Amino acid sequence: MNNNLHGMFLDMPETNRKHKDTVFRKLFSDKGRLLELYNAINGTFHSDPEALEIVTLENAIYMNMKNDLAFLMAFSLNVYEHQSTNNPNMPLRDLIYVAKEYQKLIDNRRFYSSKKIYIPAPKFVMLYNGTEELSDKFELKLSDLYNPAVTEPELELKVTVYNINLGHNQGLVEQCRSLKEYAIYVDKVRKFNKTMPIKEAVICAVEECIKEGILRDFLIAQRKEVIAMSIYEYDEEAVLAMLAEEYREDGIEIGMERGMERGMERGELLKVVSVIRRMLLKGMSCEEMVDILDEDIEVISRIADRLNEDSTITDREIVEELFD
C-alpha cells in the first residue's frame, strides 16, 4: 500500500470527514439550481423552484454513503447521484434507497387497504465526472447484476448515466449553467493538480473561478466549505485508486461482497484481513476503513479488535478464530 495513504487522511478536514458532503450535493441542494438541472435532463421548462420538493433522506445511509439528491417534481420521484468513478452497482444502491423513500412517503397502514396506493414514478440519474473515459450517455440495469442472468426479470431498475465532463453531453450542460460551471471547476482542479498538491490546486481553482465568474456567488459564499470538501473528495478518489490497484494485484475488487456471511471465499477474506492490518498500522479508524472498503462496520470492527488485542496473530488465525 502506498505510504502516502495515511498522510492523505490526516490532511482531510475533520468536519467534512464526518458529514461526507460533496461540492455537487451542496451546489444542487439549492432548489433553483436543481430545477435548472431537472429541466436540462428532461427537456422541460418549469420555472417555479417551489414546485420542487427535496426529499433526500439525510439518515438513510447505505454502505456509509448518502444519496446525493432526491426530490419530487411533476408527479415523479427523482433520484440523482453524482459519481467520480464508474459504478455498475448503482441500480442496486438506488433500489435500496428508493424503497426507503417510498416507506417514508406512504402511511404503512394503507398497505392493508383494498384501494390502490398511487406512488410517484421514479426516475434514476447518475451524473459521472471521473477520469475514466466513458460514453456520453448509457444505461445501467439492475438485471445486469443478476447471477445467473435472467432473460425476463421480474424486478428491474434502470439508471441513466450522463458523462458531464467537459466535451461530453454539450447539449445537456449548455442548458444548465450550474452544471457547466461545475464541470469547468472540476476540470480546473484536475489541471492545477498536475503541477501542485491538491490543497493548492483546489485553492487556485476556486480563486480563478471567482475571477472568471464561474460559480462566483456560490464559491464566495461557500469558499471554506468548498475547499474543504474538494480536498476530501480528491484525496478520497486517490485513496480509492490506490486501493483498487492493490486489490487488483491481490486478485479482488473494491465493492465486491466480502463477508463470510455473504459467501466470500476464505482466500479473499484472508486478503481483506491483511489490508485491515496495514490500515491499522497507518492509524486509520474503523469508520475510515468502512468508507474505503465498502464493508460492514461489524466485520471490520471484529477483525480490528482482534488485531489490536494481539498484533502477533496471523491473518489465517483470525479467519479461523472469528469466521470458521
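Remember, predicted model here, so these are calculated numbers, not experimental data.

Conventions used here
Residue numbers restart at each chain and count upward from 1, following the sequence in its written direction. Predicted model: local features are reported for residues with pLDDT of at least 70 only, side-chain atom pairs are reported and counted for 80 or more only, and whole-chain, interface and lining totals are derived from all residues. No hydrogens and no water enter the side-chain calculation; it runs on all heavy atoms of the structure. Pairing between strands is defined by DSSP: at least two bridges between them are needed. Helix and strand definitions follow DSSP, with helices as H or I runs of at least four residues and strands as E runs of at least two, each counted in order from the N terminus. Any carboxyl oxygen of Asp or Glu within 4 Å of a side-chain nitrogen of Lys or Arg constitutes a salt bridge here. Exposed residues in this analysis have more than 50% of their type's maximum accessible area, buried residues have under 20%, and partly exposed residues fall in between, with area computed by a 1.4 Å probe over protein chains only. For the purposes of these results, a polar contact is taken to be a pair of N or O atoms within 3.5 Å, where, inside protein, one atom must be able to donate a hydrogen and its partner to accept one; residues adjacent in sequence count only when each atom of the pair is a side-chain atom. The contact criterion used is simple: two residues touch if any of their non-hydrogen atoms lie within 4.5 Å. Axis definition: a line fit to C-alpha positions, over the contact stretch in the case of helices; interaxial angles, taken between N-to-C directions, run 0 to 180 degrees. Nonpolar cores were defined as sets of buried Ala, Val, Leu, Ile, Met, Phe, Trp, Tyr and Cys residues, with membership established by side-chain atoms within 4.5 Å.

**Here we look at the pairing of strand 6 (residues 121–128)**
Here eight bridges tie strand 5 (residues 76–83) to strand 6, and the two strands are oriented parallel to one another. Directly across from glutamine 83, in strand 6, lies its bridge partner tyrosine 128. Across five bridges, strand 6 lies against strand 8 (residues 158–163) in parallel orientation. Directly across from phenylalanine 124, in strand 8, lies its bridge partner valine 159.

**Overview of the pattern of salt bridges**
As enumerated under the stated definition, the model contains twelve salt bridges in all. Among the charged side chains, a salt-bridge network with shared partners connects Lys188, Glu208 and Glu212.

**Side note on the side chain of serine 178**
Tracing the backbone through its elements, the reader meets serine 178 in helix 7 (residues 177–193). Given the relative accessible area of 9%, serine 178 is considered buried. Of the polar contacts made by the side chain of serine 178, one reaches the side chain of glutamate 36; its length is 3.0 Å. Excluding anything up to four places from it in sequence, serine 178 contacts Leu27, Phe28, Arg33, Glu36 and Leu215.

**Digging into the sheet that holds strand 8**
Pairing is mixed across the open sheet formed by six strands, whose spatial order is 1-4-5-6-8-7. Looking at strand neighbours, the two that pair on one side only are strand 1 (53–54) and strand 7 (137–141), the edges of this open sheet. The sheet contacts of helix 4 (residues 31–42) involve strand 1, strand 4 (69–73), strand 5, strand 6 and strand 8, and relative to strand 5 the element is tilted by about 95 degrees. Sheet strands touched by helix 5 (residues 90–105): strand 4, strand 5, strand 6, strand 7 and strand 8. Its angle to strand 5, the strand with the most contacts, is close to 140 degrees.

**Points about the nonpolar core**
Of all hydrophobic cores here, the largest spans 43 residues; its most connected members are Phe28, Leu37, Tyr80, Leu179 and Tyr185. With 20 residues, the next largest nonpolar core counts Tyr97, Val98, Phe124 and Leu134 among its residues.

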